[in-house]
Amino acid sequence: MFITSLGTAVPPARYSQRDCWEALRAQPQFAALRAPSRLLLERVLTGEHGVRTRHLALDSLAEAFVIDPDVLARRYARHAPELATRAARAALARAGLPAGEVDALIVSTCTGYLCPGLSSHVAERLGLRPDVLGLDLVGQGCGAALPNLRTGEALLRSGRAGNALCVCVEVCSAALYIDDDPGVLVSACLFGDGAAAALVSSRRAGAARRVEWLDAVSCADPAARDALRMETRHGLLRNILSREVPQIAAERAASLLDATLAKHGLDRRDIAVWIWHAGGRTVLERLQALTGLGARETRRSAELLERFGNLSSSFVLFVLAQALEERAAPGRWWMSSFGAGFTCHGALLDVA
């Protein structure tokens, strides 16, 4: 399988963390929080915690404080198809591939629900053929990009598809609110909205660079499921985020990396470029500590986290897109995502 092209999209409205703090402390919900909660919000939004700006599907930050299930559901239904379509259209344009040559569309999301799913809406907007296979993958959280790509690989290997669009889209602003739960508060401070699409093909197309998918691995740890998951309470999606997540993520990511390198007779010095999901600044710091990597190897993830916040499932594809745009060194590249479950995924790429 070859990753032929990538496309990304974010909402036009961009807000700084300081903007969010000023809007938040003017709201009556802020005054209703306990003192430790108010201090936590101030520390995360005004301090150096890895995020400076976020794109949110809001015309004004005041909209973020209308906490109503119907309002949030409408926000998701309005923006998720639009963001996913923009990212997919950009990937097709970059590849120069007509929409009629797409055989499968795979869409991953965890921040909302539509039936029929997003694949129906995106296929219509792109003008895909009526016989295109549409698959909607839900509930995989921040790690979803690699399972999505592995599904595309399976379709290509089976001969069912020659070209597949793999799309990840999250409207995190449709699943964020504030209460006195620290995990909910940190989530409200870190997540942004965005979508990314990868066009994958069974043959190398005329892309500027050859990106070949060599191998992919996954691991799941149900014992850590409650550390990072989403639940529905009072009709609202709620992110459960424990303090143990950075350590769990780093341990699973390091273990998966070592196992895959050993399988291929490689070591970390053989990896030219690192494509990491960034759950947050602390996750990247723990990754460095457990893998022996430095800030240079996680630079792109840190830069995109600073600009966009945690984009959940689409984030790792943003990192891959940036590495390709920067003409990063050829050779073996390692891509890894992790999230709810607790699950961790990795892929070994050969880039020329």
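Anyway, here's the lowdown on the structure attached to this text. Given the structure is predicted, the values throughout are model-derived calculations rather than measurements. (Residues numbered from 1 in each chain as written. Predicted model: local features only at pLDDT ≥ 70, side-chain atom pairs only at ≥ 80, totals over all residues. Heavy atoms only, no water.)

### Overview of the pattern of salt bridges
Part 1 of the argument: Taken as a whole, this structure holds 25 salt bridges when the rule is applied.
Part 2 of the argument: Across the salt bridge formed by glutamate 326 and arginine 300, the nearest N and O atoms sit 2.6 Å from each other. Residue glutamate 326 is found in the loop between helix H11 (315-325) and strand E12 (331-339), and its partner arginine 300 is found in helix H10 (residues 299-308); the two are separated by 26 residues along the sequence.
Part 3 of the argument: Classification of arginine 300 by relative accessible area gives buried; the value is 14%.
Part 4 of the argument: A cluster of three or more residues bridged by salt bridges with shared partners is formed by Arg210, Glu212, Arg332 and Asp350. (Salt bridge = Lys/Arg side-chain N within 4 Å of Asp/Glu carboxyl O. Helix = DSSP H or I, 4+ residues; strand = E, 2+ residues; numbered from the N terminus. Buried < 20%, exposed > 50% of the residue type's maximum accessible area, 1.4 Å probe, protein only.)

### Regarding the pairing of strand E5 (residues 133-138)
Part 1 of the argument: Pairing of strand E4 (residues 104-109) with E5 involves six bridges; the strand directions are parallel. Note that in E5 the partner of serine 108 across the bridge is leucine 137.
Part 2 of the argument: Handedness of the crossover joining E4 and E5 through helix H5 (residues 118-126) is recorded here as right-handed. (Pairing = 2+ DSSP bridges. Right-handed = clockwise from strand over helix to strand, strands pointing away.)

### Quick word on the packing of helix H8 (residues 245-263) against helix H9 (residues 281-291)
Part 1 of the argument: Orientation of H8 relative to H9, taken along the N-to-C sense of each, is 40 degrees, at an axis distance of 8 Å. Taken together, the axis directions place H8 and H9 in an arrangement best described as oblique. The two elements H8 and H9 cross, and the hand of that crossing is right-handed. Contacts from Pro246, Gln247, Ala249, Ala250, Glu251, Ala253, Ala254 and Leu257 of H8 reach H9 at Thr282, Val283, Arg286, Leu287, Leu290 and Thr291. (Axes fitted to C-alpha atoms, helices over the stretch in contact; angles between N-to-C directions. Parallel < 35°, antiparallel > 145°, perpendicular 65-115°, else oblique. Left-handed = near helix turned anticlockwise from the far one by under 90°. Contact = heavy atoms within 4.5 Å.)

### Considerations on the pairing of strand E10 (residues 236-241)
Part 1 of the argument: Examined bridge by bridge, strand E9 (residues 228-233) and E10 share six bridges and lie antiparallel to one another. Across the sheet, the residue bridging to arginine 229 is isoleucine 240, located in E10.
Part 2 of the argument: Hairpin remark: E9 followed by E10, antiparallel, with two residues in the connecting loop; positive phi at histidine 234, about 55 degrees.

### Quick word on helix H6 (residues 145-158)
Part 1 of the argument: With 14 residues, H6 extends 20 Å from end C-alpha to end C-alpha; this agrees with the ideal 20 Å at 1.5 Å per step.
Part 2 of the argument: Along H6, the residues classified as buried are Ala145, Leu146, Pro147, Asn148, Leu149, Gly152, Glu153, Leu155 and Leu156.
Part 3 of the argument: Phi turns positive, to about 85 degrees, at glycine 159, one or two residues after H6. (Expected span 1.5 Å × (residues − 1).)

### A short note on the environment of valine 351
Part 1 of the argument: Following the sequence through the fold, valine 351 ends up in strand E13 (residues 343-351).
Part 2 of the argument: In sequence terms valine 351 and isoleucine 3 are 348 residues apart; their C-alpha atoms lie 9.8 Å from each other.
Part 3 of the argument: Those residues in contact with valine 351 that lie beyond four places of it in its chain are Arg209, Arg210, Val211, Leu324, Pro330, Gly331 and Trp333.

### Some points on H5
Part 1 of the argument: Taken as a whole, H5 has its buried residues at Leu118, Ser119, Val122, Ala123 and Leu126. Burial along H5 is one-sided: seen end-on, the buried residues are contained in an arc of 125 degrees.
Part 2 of the argument: Lining the buried residues of H5 we find helix H4 (69-95), E4, E5 and strand E6 (163-170).
Part 3 of the argument: Following H5 by one or two positions, glycine 127 adopts a phi angle in the positive range, close to 75 degrees. (Arc of directions from axis to C-beta.)

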